[in-house]
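Geometric and topological summary
In case you want the letters, here they are:
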Amino acid sequence: AQSVTQLGSHVSVSEGALVLLRCNYSSSVPPYLFWYVQYPNQGLQLLLKYTSAATLVKGINGFEAEFKKSETSFHLTKPSAHMSDAAEYFCAVRGQGAQKLVFGQGTRLTINP
Amino acid sequence: EAGVAQSPRYKIIEKRQSVAFWCNPISGHATLYWYQQILGQGPKLLIQFQNNGVVDDSQLPKDRFSAERLKGVDSTLKIQPAKLEDSAVYLCASSYEAGTNQPQHFGDGTRLSIL
């Protein structure tokens, strides 16, 4: 069975600083990996997905994530934080086949002016 | 394209009452999902439909929760009777097909409060 661990339930960075949100997964087969963002009182919006094509995946709003099989990680980064990035971020994993999407607990990102 | 539509956005009921949520997925999406998101946690899958058939309902508390997707389009999720621990946001999502790298598209959810 797949599982996801997001390290750090809260991350706070200054505006303009690097954003790094950590995600580690466990899967017995090469997984599909996703990052979603959730703004207050809204549903989840897809930021990016890994589908075994390229290990460095670029998403919307300047975010990117790197798949590292040896570390079973899929960390999300953004070089320069913007106030509008403040939200909850979820990492999710799904094994190949019709298996369900398993979400991490989420990381709340706060941007300090 | 229009997104996933959910209603109502908010609902407040007393414990032991019943409640129903409605979801209209993106046109052409065969797969529909209902998730429960408790405050401070990630979404947890309650039930997955492929057209009008159930694919996975292993985490649906079937003694009180029920869901249907009769014509393979709209879906309703019902809770009867509600318990205090059912307070959560109920998210509906849809995807073009299941079991691939197709992303799920989420609605804005229904926030349920049980008094």
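The notes below deal with the structure included here. (Residues numbered from 1 in each chain as written. Chains lettered and ligands numbered in written order. Predicted model: local features only at pLDDT ≥ 70, side-chain atom pairs only at ≥ 80, totals over all residues. Heavy atoms only, no water.)

**Quick word on the overall build of chain A**
Helix and strand counts for chain A stand at 0 helices and 11 strands. Starting at the N terminus, the α and β elements of chain A follow one another as β-β-β-β-β-β-β-β-β-β-β. Its C-alpha radius of gyration of 13 Å places chain A within 12% of the 13 Å reference for a compact globule of 113 residues. When the backbone C-alpha atoms are referred to their principal axes, chain A occupies close to 45 × 30 × 20 Å. Per-residue burial for chain A yields a buried fraction of 45% across its 113 residues. Within chain A, counting contacts between residues at least 6 apart in sequence, those at least 24 apart form 56% of the total. Carbon and sulfur atoms make up 52% of the accessible area of chain A, which totals about 5,300 Å². (Helix = DSSP H or I, 4+ residues; strand = E, 2+ residues; numbered from the N terminus. Rg over C-alpha atoms; globule rule 2.2 N^0.38 Å. Buried < 20%, exposed > 50% of the residue type's maximum accessible area, 1.4 Å probe, protein only. Contact = heavy atoms within 4.5 Å. Areas by Shrake-Rupley, 256 points an atom, 1.4 Å probe, with all protein chains shown as cover.)

**As for unusual backbone geometry**
The omega angle of the peptide bond from Ser7(B) to Pro8(B) is -10 degrees, so this bond is cis rather than trans. Mapped onto the fold, Pro8(B) is located in the loop between strand S1 (5-7) and strand S2 (10-13). Going from Gln80(B) to Pro81(B), the amide bond is cis rather than trans, its omega being -5 degrees. Look at Asn41(A): it is not a glycine, yet its phi comes out positive at around 60 degrees.

**Description of the pattern of salt bridges**
Residue and element names in this part refer to chain A. As enumerated under the stated definition, the model contains 5 salt bridges over all chains in all. Residues Asp-85 and Lys-78 are paired through a salt bridge, measuring 2.8 Å at the closest nitrogen-oxygen approach. With relative accessibility at 2%, the residue Asp-85 sits in the buried group. Given a relative accessible area of 10%, Lys-78 falls into the buried group. Among the ionic pairs, Glu-88 bridges to Arg-108, the shortest N-O distance being 3.0 Å. Linking Glu-88 in strand S9 (residues 87-94) with Arg-108 in strand S11 (residues 107-112), this pair joins segments that are 20 residues apart in sequence. Among the residues examined, Glu-88 registers a relative accessible area of 11% and is labelled buried. (Salt bridge = Lys/Arg side-chain N within 4 Å of Asp/Glu carboxyl O.)

**Brief notes about the interface of chain A and chain B**
Between chain A and chain B, the residue contacts involve 20 residues of the former and 24 residues of the latter. Counting the surface lost from both chain A and chain B, the interface buries some 1,800 Å², and carbon and sulfur atoms represent 48% of this. Contact with chain B buries area across many residues of chain A, yet Asn41(A), Arg94(A) and Lys100(A) alone supply 29% of it, more than any other trio. Applying the counting criterion to the chain A and chain B interface returns 0 salt bridges. Applying the counting criterion to the chain A and chain B interface returns 5 residue pairs in polar contact (both at pLDDT 80 or more). At the level of secondary structure, the elements contributing two or more residues to the side of chain A that touches chain B comprise strand S4 (32-38), strand S5 (44-50) and S9 of chain A. Broken down by element, the side of chain A that touches chain B gets its largest block of residues, 4 residues, from S4(A). For the side of chain A that touches chain B, a count of residues per class yields 9 nonpolar, 8 polar and 3 charged. (Buried area = accessible area lost by both parts, 1.4 Å probe. Polar contact = N/O pair within 3.5 Å; in protein donor to acceptor, adjacent residues only side chain to side chain. Nonpolar A, V, L, I, M, F, W, Y, C, P; charged D, E, K, R; others polar.)

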